[in-house]
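# Working through the structure, step by step
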Amino acid sequence: MLINTKKCIGCYACRVACQRQNKLLSDEAFIRYEEKETGTYPEVGVETVPLQCMHCEDAPCASVCPTGAAHIGPDGIVEVDQGRCIGCLYCMAACPYQVRNRNEKTGAVDKCRFCNVSNYTSGTEMCSCVTACPTGARIFGDLDDPDCELVKEIAATHAAPIAGDLTKSKVYYVR
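Presented here is a report on the structure given in the accompanying data block. It should be emphasised that the depicted structure is a prediction, and the values quoted were computed from it without experimental measurement. (Residues numbered from 1 in each chain as written. Predicted model: local features only at pLDDT ≥ 70, side-chain atom pairs only at ≥ 80, totals over all residues. Heavy atoms only, no water.)

For the rest of this paragraph, the subject is the sheet that holds strand 8 (residues 138–139). A sheet is described by the order of its strands in space; here three strands give the open sequence 8-1-9, paired in mixed fashion. In this open sheet, the two strands that pair with only one neighbour each are strand 8 and strand 9 (172–174). Pairing of strand 1 (residues 2–4) with strand 8, which is carried by two bridges, proceeds in the antiparallel orientation. The residue bridging I3 from the neighbouring strand is R138, located in strand 8. The strands touched by helix 6 (residues 149–157) within the sheet are strand 1, strand 8 and strand 9, with strand 1 carrying the most contacts at an inclination of about 45°. (Pairing = 2+ DSSP bridges. Helix = DSSP H or I, 4+ residues; strand = E, 2+ residues; numbered from the N terminus. Contact = heavy atoms within 4.5 Å. Axes fitted to C-alpha atoms, helices over the stretch in contact; angles between N-to-C directions.)

Structure below.
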């Protein structure tokens, strides 16, 4: 996924679409926002930075999970098996991006799934956050396909993971 913070207007459409898609409560969210001040006085601006699971190839959350509930699926997406999660919160502590959420009712931890559940059940072709974005700030695709729009846009905009080489992130940002 690519998130272009230069196009993001902080409207929360992606977050609301994600909440609806994943049947989250209003106080639960797989996408959180940070604001970063840019420039120097008097030329000051605010950059809105939406953060979500980065689906790391070397996911720290998966490596600390004692039950294997947090794991990397066959498609490379970091998943959580809700039935195996014991709510120990190790994954929350290990996530360098702090983008995991604990369900207050079940005690289990969850996170962005790249809408993989809807892909398997309803044939959705794209993440709900991508389709909901009114400015086109988000692009989803196959990082292994050199002809994919995502790969071309990453190259054209020099997009990079938000935290550099902290983890092997699959989410790229234009900043």
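According to the stated counting rule, one finds four salt bridges in the structure shown. Ionic pairing is found between E47 and R175, a salt bridge with its closest N-O pair at 3.1 Å. In this pair, E47 is assigned in strand 3 (residues 43–51) and R175 in the segment after strand 9, connecting sequence segments 128 residues apart. The class of R175 is partly exposed, set by a relative accessible area of 42%. With a closest N to O distance of 3.5 Å, E104 and R102 form a salt bridge. Residue E104 is classed as exposed on the basis of its relative accessible area of 63%. (Salt bridge = Lys/Arg side-chain N within 4 Å of Asp/Glu carboxyl O. Buried < 20%, exposed > 50% of the residue type's maximum accessible area, 1.4 Å probe, protein only.)

The final tally for this structure, using the stated rule, is four cavities of 30 Å³ or more. Around the largest cavity, the lining is made up of 15 residues, and of these C8, C11, C14, C133 and A137 lie nearest the centre. Here the lining of the largest cavity is composed, by residue class, of 12 nonpolar, two polar and one charged. (1 Å grid on protein atoms, 1.4 Å probe; cavity = no way out; pocket = protein on both sides within 12 Å on 5 of 7 lines; lining within 4 Å. Points joined across faces, edges and corners; volume = space filled by probe spheres on them. Nonpolar A, V, L, I, M, F, W, Y, C, P; charged D, E, K, R; others polar.)

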